[in-house]
Amino acid sequence: MSITSAFSTMFSVFYNSHDTELYLPLPVTEREIYLAKLLSSIGLNLAFLMPTLSLFIIGYWRILGNAFLAVPFALLQFIVLALLSIFISNFLVHILGRMLIKVRQKNMISTALMLLSSIGAVGMILFMQNMSMDGLDKANAIPDLPVTPVIVGFYHIARAPFSSASFLHYGILLAMLVLFGFLMVKKAIPQYYQQLAAIDTKKVTVRKKKNNTNASLKSTLIRHHLGTLKDPTLIMTSFMSTFMFLMFFIPQLLNGNNFFSKVSLEFFGLVLVVGLALGYMTAGAFTMVGMSLERDNFYFLKTLPIDFHDFLRQKFFVLWSVQTLIPVLTFELFSLIAGLHPFLIFILVLGIMLASYPTSLSYYKKDYKHLTLTWQNVSQLFNRGGGQLIMMLLFFRGNLVLSS
């Protein structure tokens, strides 16, 4: 989970930040810039690994029988695990950078890979959640999983550090750590600037479009609005805001108890509340940054002989429509597969749209209030005006509604 989650963040920082040219006049080396970007992008990596630190401390305390030895030993093993995860994520990002040199559709390829990595992280969450539910079904029994090779080295190094199992499994861990660290120092760092230069200067074949004199200004502006949504990080954020909440319902579908098909029409009010909660939580990815995505075009568009207020209204409706279409289609398809009554599906979709519209509109106004046109990374736009804190509170409030 830490590797797949950190992958998307690292790629965004290393290849979609558009800030590398700002460092060129500064008295810093490529290695220093690379390490600075690496340190600024490992937050998600460590966030998923932090629970293992407490597990290491508890486990080594029981194995060693001494808390004073267990705590520093656990910290050492946590550092080994964290570095290995960071190095692997960084190497995968480096490989993706090499791939982008050879392809034309940079945004499409990077978006697909980032989306797949994020779905992989969500898949692991669903797997663990399903395991927990199995444990509850079996009188709180702990699921018995097979021993994982190599990872079991963290156990053997404490139980029997000089055993053959310890040398084999923990030795492979250390060998992987050295290998991926070596690849980062010798391959990723020296080739970073060359990769950026090759990606930015790569010639893209432009297809000639036939002149269409009947094309209206409205359709042209709609294409312009859709064209501002090509950022891989932005697209991934929009999809993940939907898939993260879909995992609340998938375990019920996998249990095979036909839970959704048993929901009667008299519960339409509850279904509406669930739809409102989903629309409330999945809104904002596009509209939260919609105006800022224009960059320098924002002031240029003001000089055109068009009604700028109509332009902003049209932009909002386009972004809101695309943004709302993702959760609507996702949960509609899921509800059909789960066997939910068609009328209840309609109520669910209605709830999503009713909650999404005012929430997205408030985000759109907030974007205008904190308008930023000189951003290097979309993540900067989400952080304005306490944006991350607001999204976290929305997530927490939505979880309460869905859990209840």
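Only a predicted model underlies this, so the values are computations on that prediction, with no experimental measurement involved.

**Digging into the packing of aromatic side chains**
Alright, step 1. Counted according to the given criterion, the structure contains 17 aromatic pairs.
Alright, step 2. Aromatic pair Phe14 and Tyr34: ring centres 4.8 Å apart, planes at 55 degrees, arrangement tilted. With a gap of 20 residues between them, Phe14 in helix H1 (residues 2–15) and Tyr34 in helix H3 (residues 30–40) connect regions that are remote in the sequence.
Alright, step 3. The buried category is assigned to Tyr34, whose relative accessible area is 3%.
Alright, step 4. Relative to Phe154, the ring of Phe56 lies with its centre 5.3 Å away and its plane at 40 degrees, an arrangement referred to as tilted. Linking Phe56 in helix H4 (residues 43–64) with Phe154 in helix H7 (residues 153–159), this pair joins segments that are 98 residues apart in sequence.
Alright, step 5. Residue class for Phe56 comes out buried when judged on its relative accessible area of 14%.
Alright, step 6. A residue is classified by how much of its surface remains accessible, and Phe154, at 6% relative accessible area, is buried.

**With respect to the confidence of the model for the chain**
Alright, step 1. Residues of the chain with pLDDT of at least 70 account for 78%, and the chain-wide mean is 79.
Alright, step 2. Per-element mean pLDDT across the chain ranges from 53 in helix H17 (residues 387–403) up to 92 in H7.
Alright, step 3. Low pLDDT, under 50, characterises residues 203–214; the stretch is placed with one contact to residues that sit more than four places away or in other chains.

**A closer look at the pattern of salt bridges**
Alright, step 1. For the structure on display, the rule yields two salt bridges.
Alright, step 2. Lys315 is paired through a salt bridge with Glu294; the nearest N and O atoms lie 2.8 Å apart. Taken together, the positions of Lys315 in helix H14 (residues 308–338) and Glu294 in the loop between helix H12 (268–282) and helix H13 (297–302) put the pair 21 residues apart, joining distant regions of the chain. Each member of the pair, Lys315 as well as Glu294, is classed as buried.
Alright, step 3. The shortest N-O distance in the salt bridge between Asp310 and Arg313 comes to 2.1 Å. Of the two residues, Asp310 and Arg313 both sit in helix H14, three residues apart, roughly one turn of that helix.
Alright, step 4. Overall, Asp310 belongs to the partly exposed group, its relative accessible area being 38%.

**Considering the packing of H12 against helix H15 (residues 342–369)**
Alright, step 1. Closest axis-to-axis distance for the H12/H15 pair is 7 Å, and the angle between their directions is 35 degrees. Read as a crossing pair, H12 and H15 show a hand that is right-handed. Touching Phe268, Val271, Leu272, Val274, Gly275, Leu276, Leu278, Gly279 and Tyr280 of H12 are Phe343, Leu344, Ile347, Leu348, Gly351, Ile352, Leu354, Ala355, Ser356 and Thr359, all from H15.
Alright, step 2. Residue composition of the contact of H12 with H15, grouped by class: 14 nonpolar, five polar and no charged.

**Some details on unusual backbone geometry**
Alright, step 1. Here Val150, not a glycine, exhibits a phi torsion of approximately 70 degrees, which is positive.
Alright, step 2. Its location among the elements puts Val150 in the loop between helix H6 (106–137) and H7.
Alright, step 3. For Arg295, which is not a glycine, the phi torsion comes out positive at approximately 55 degrees.
Alright, step 4. Tracing the chain through its elements places Arg295 in the loop between H12 and H13.
Alright, step 5. When its relative accessible area of 27% is taken as the criterion, Arg295 is described as partly exposed.

**Focus: the side chain of Ser335**
Alright, step 1. One can find Ser335 in helix H14.
Alright, step 2. Reaching out from Ser335, the side chain makes a polar contact with the backbone oxygen of Phe331 at a distance of 2.6 Å.
Alright, step 3. Ignoring any residue separated from it by four or fewer positions in sequence, one finds Ser335 in contact with Leu340, Ile345 and Leu348.

**Considerations on the packing of H1 against H3**
Alright, step 1. The N-to-C vectors of H1 and H3 enclose an angle of 145 degrees; their axes lie 9 Å apart at closest approach. Considering the relative orientation of H1 and H3, their crossing is right-handed. Contact with H1, carried on its side by Met10, Val13 and Phe14, involves Tyr34, Lys37, Leu38 and Ser40 of H3 and no other residues of that element.
Alright, step 2. Considered class by class, the residues forming the contact of H1 with H3 number five nonpolar, one polar and one charged.

**Considering the nonpolar core**
Alright, step 1. Phe14, Tyr60 and Phe154 are the most contacted members of the largest nonpolar core, which has 40 residues in total.
Alright, step 2. At the level of elements, H1, H3, H4, helix H5 (67–102), H7 and helix H8 (164–201) are the ones that each hand at least two residues to this core.
Alright, step 3. Setting aside chain neighbours within four positions, we find Phe154 in contact with Phe56, Tyr60, Gln77, Val80, Leu81, Tyr170 and Leu173.
Alright, step 4. Of all hydrophobic cores here, the second largest spans 21 residues; its members include Met281, Phe334, Leu340 and Leu344.

**Observations regarding the environment of Phe245**
Alright, step 1. Structurally, Phe245 can be placed in helix H10 (residues 232–246).
Alright, step 2. Its relative accessible area of 3% is what places Phe245 among the buried residues.
Alright, step 3. Put simply, Phe245 and Met281 are 36 residues apart on the chain and 8.6 Å apart in space, counted from C-alpha to C-alpha.

**A look at H3**
Alright, step 1. Along H3, the residues classified as buried are Ile33, Tyr34, Lys37 and Leu38. Along H3, the residues classed as buried sweep out an arc of 135 degrees about the axis, all on the same side. Summarising the geometry of H3, the exposed residues directed more than 90 degrees from the buried face are Leu39 and Ser40.

**Side note on a nonpolar patch on the surface**
Alright, step 1. Taken together, the side chains of Leu265, Phe268, Leu276, Phe343, Phe346, Leu350 and Leu354 make up a nonpolar region of the molecular surface, amounting to roughly 630 Å² of accessible area.
Alright, step 2. Secondary structure elements with two or more residues in the nonpolar patch: H12 and H15.
Alright, step 3. When residues of the nonpolar patch are assigned to their parent elements, the largest contribution, four residues, is made by H15.
Alright, step 4. Tracing the backbone shows Phe268 in helix H12.

Thresholds, definitions, all that
- Residues numbered from 1 in each chain as written.
- Predicted model: local features only at pLDDT ≥ 70, side-chain atom pairs only at ≥ 80, totals over all residues.
- Heavy atoms only, no water.
- Phe/Tyr/Trp six-rings, centres within 6.5 Å; stacked < 30°, edge-to-face > 60°.
- Helix = DSSP H or I, 4+ residues; strand = E, 2+ residues; numbered from the N terminus.
- Buried < 20%, exposed > 50% of the residue type's maximum accessible area, 1.4 Å probe, protein only.
- pLDDT = per-residue confidence, 0-100.
- Contact = heavy atoms within 4.5 Å.
- Salt bridge = Lys/Arg side-chain N within 4 Å of Asp/Glu carboxyl O.
- Axes fitted to C-alpha atoms, helices over the stretch in contact; angles between N-to-C directions.
- Left-handed = near helix turned anticlockwise from the far one by under 90°.
- Nonpolar A, V, L, I, M, F, W, Y, C, P; charged D, E, K, R; others polar.
- Polar contact = N/O pair within 3.5 Å; in protein donor to acceptor, adjacent residues only side chain to side chain.
- Core = buried A, V, L, I, M, F, W, Y, C linked by side-chain atoms within 4.5 Å.
- Arc of directions from axis to C-beta.
- Patch = residues over 30% accessible without salt bridge, like charges linked within 9 Å, V, L, I, M, F, W, Y side chains within 5 Å.
- Areas by Shrake-Rupley, 256 points an atom, 1.4 Å probe, with all protein chains shown as cover.

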